[in-house]
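Read off the chains here:
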Amino acid sequence: GDSVTQMEGPVTLSEEAFLTINCTYTATGYPSLFWYVQYPGEGLQLLLKATKADDKGSNKGFEATYRKETTSFHLEKGSVQVSDSAVYFCALTNPTYSGNTGKLIFGQGTTLQVKP
Amino acid sequence: KAGVTQTPRYLIKTRGQQVTLSCSPISGHRSVSWYQQTPGQGLQFLFEYFSETQRNKGNFPGRFSGRQFSNSRSEMNVSTLELGDSALYLCASSLDTNNSPLHFGNGTRLTVT
């Protein structure tokens, strides 16, 4: 079945450092890919998405490119801030065979801690 | 526009009891999904409802059930609670158009003692 694999955390960076969180996926057909972020005590917030190969999703300085050839969707940010400290989840949904669906398959999450 | 609202925020129950969690989706959203989040298993899909019908179901035992009302509000029920059911339960709603994202509530933290 479909699956998502994220790099192990936690990731600890100094403020203004460059961030990469790796995400690879296994899926048949044409999945849509997402990054969600979870702050302490809260639910998940959509950070960015990409719905087809070579699409680049971006939001709040974060970017990720849908690479079908490497089945990857790595999250990057050029300069992190303390306020970016959170848990980041890579996820996919696969409407290829079942139409619109609210079923997201998540990676295990990567905790990011940014120190001043 | 109000976000996804889940009630209650916190719940403490005893083994063997049952519990009902509530979710009010964003106005106009007809799809509601439920997820269980635990440190060990991460985020796992429970089920999805659309127009009062269960459209998708994850790999959870029959003790976990849900329903959706005509106003799209949803409830999930867990019967015969076990210690392992302690988790954060998240509800998400979406417009159900192509590639429309899920919008999550802040969750209900269930503790089973």
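Quick summary incoming for the structure in this document. These numbers come from a predicted model, not from an experiment.

Thresholds applied
- Residues numbered from 1 in each chain as written.
- Chains lettered and ligands numbered in written order.
- Predicted model: local features only at pLDDT ≥ 70, side-chain atom pairs only at ≥ 80, totals over all residues.
- Heavy atoms only, no water.
- Helix = DSSP H or I, 4+ residues; strand = E, 2+ residues; numbered from the N terminus.
- Rg over C-alpha atoms; globule rule 2.2 N^0.38 Å.
- Buried < 20%, exposed > 50% of the residue type's maximum accessible area, 1.4 Å probe, protein only.
- Pairing = 2+ DSSP bridges.
- Axes fitted to C-alpha atoms, helices over the stretch in contact; angles between N-to-C directions.
- Contact = heavy atoms within 4.5 Å.
- Buried area = accessible area lost by both parts, 1.4 Å probe.
- Salt bridge = Lys/Arg side-chain N within 4 Å of Asp/Glu carboxyl O.
- Polar contact = N/O pair within 3.5 Å; in protein donor to acceptor, adjacent residues only side chain to side chain.
- Nonpolar A, V, L, I, M, F, W, Y, C, P; charged D, E, K, R; others polar.
- Phe/Tyr/Trp six-rings, centres within 6.5 Å; stacked < 30°, edge-to-face > 60°.

Comments concerning the overall build of chain A
A count of helical and extended segments in chain A gives 1 helix and 12 strands. When the helices and strands of chain A are read in sequence order from the N terminus, they spell out β-β-β-β-β-β-β-β-β-β-α-β-β. Relative to the 2.2 N^0.38 estimate, which gives 13 Å for 116 residues, the radius of gyration of chain A is 14 Å and therefore close to what a compact globule would have. Counting only C-alpha atoms and orienting by the principal axes, one finds that chain A spans roughly 45 × 30 × 25 Å. The buried share of chain A, taken over its 116 residues, is 42%.

Here we look at the overall build of chain B
Secondary structure summary: chain B contains 0 helices and 11 strands in total. Overall, chain B shows an N-to-C arrangement of helices and strands of β-β-β-β-β-β-β-β-β-β-β. Since a compact globule built from 113 residues should have a radius of gyration of about 13 Å, the 13 Å found for chain B is in line with a globular shape. Expressed along its principal axes, the backbone C-alpha trace of chain B runs to roughly 40 × 25 × 25 Å.

So, the sheet that holds strand E8 (residues 74-78) of chain B
All names here are of chain B. Strand order across the open sheet formed by 4 strands is E1-E3-E8-E7, with antiparallel pairing between neighbours. Of all the strands in the sheet, just strand E1 (5-7) and strand E7 (64-68) have a single pairing partner and so form its edges. Direction aside, the axes of adjacent strands within the sheet are offset by 20 degrees on average. Relative to strand E3 (residues 19-24), E1 runs antiparallel, the two sharing 3 bridges. Bridging across to E3, Thr 7 finds its partner in Ser 22.

Looking at the interface of chain B and chain A
Between chain B and chain A, the residue contacts involve 20 residues of the former and 19 residues of the latter. Interface of chain B and chain A: buried area, both sides summed, is about 1600 Å²; carbon and sulfur atoms make up 51% of it. Viewed at the interface, chain A and chain B are joined by 0 salt bridges. There are 5 residue pairs in polar contact (both at pLDDT 80 or more) connecting chain B and chain A. Of all elements in the fold, only strand E4 (31-38), strand E5 (42-50), strand E6 (53-57) and strand E9 (87-94) of chain B reach the threshold of two or more residues within the side of chain B that touches chain A. A class-by-class count of the residues in the side of chain B that touches chain A yields 8 nonpolar, 8 polar and 4 charged.

Examining the packing of aromatic side chains
Residues and elements named next belong to chain B. Per the stated rule, a full pass over the model turns up 12 aromatic pairs over all chains. With centroids separated by 5.7 Å and ring planes inclined at 50 degrees, the aromatic side chains of Tyr 35 and Phe 104 adopt a geometry described as tilted. Here Tyr 35, found in strand E4, pairs with Phe 104, found in strand E10 (residues 103-104); they are 69 residues apart in sequence, far enough to count as distant. With respect to class, Tyr 35 is no different from Phe 104; both count as buried. Seen from their ring centres, Phe 47 and Tyr 49 are 5.7 Å apart, and the 70 degrees between their planes marks the pair as edge-to-face.

Examining unusual backbone geometry
For the peptide bond that leads from Gly 9 of chain A to Pro 10 of chain A, omega is -5 degrees, which places it in the cis range. Within the secondary structure layout, Pro 10 of chain A lies in the loop between strand E1 (3-6) and strand E2 (11-14). For the bond running from Thr 7 of chain B to Pro 8 of chain B, omega is -10 degrees, close enough to zero to count as cis. Position of Pro 8 of chain B among the secondary structure elements: in the loop between E1 and strand E2 (10-13). Phi is positive for Ser 51 of chain B, close to 50 degrees, though the residue is something other than glycine. Its location among the elements puts Ser 51 of chain B in the loop between E5 and E6. A positive phi angle is found at Glu 52 of chain B, which is not glycine, with a value near 70 degrees.

Describing the side chain of Asn 77 of chain B
Residues and elements named next belong to chain B. Mapped onto the secondary structure, Asn 77 falls in strand E8. Residue Asn 77 is classed as buried on the basis of its relative accessible area of 17%. In terms of polar contacts, Asn 77 uses its side chain to reach the side chain of Thr 20, at 3.0 Å.

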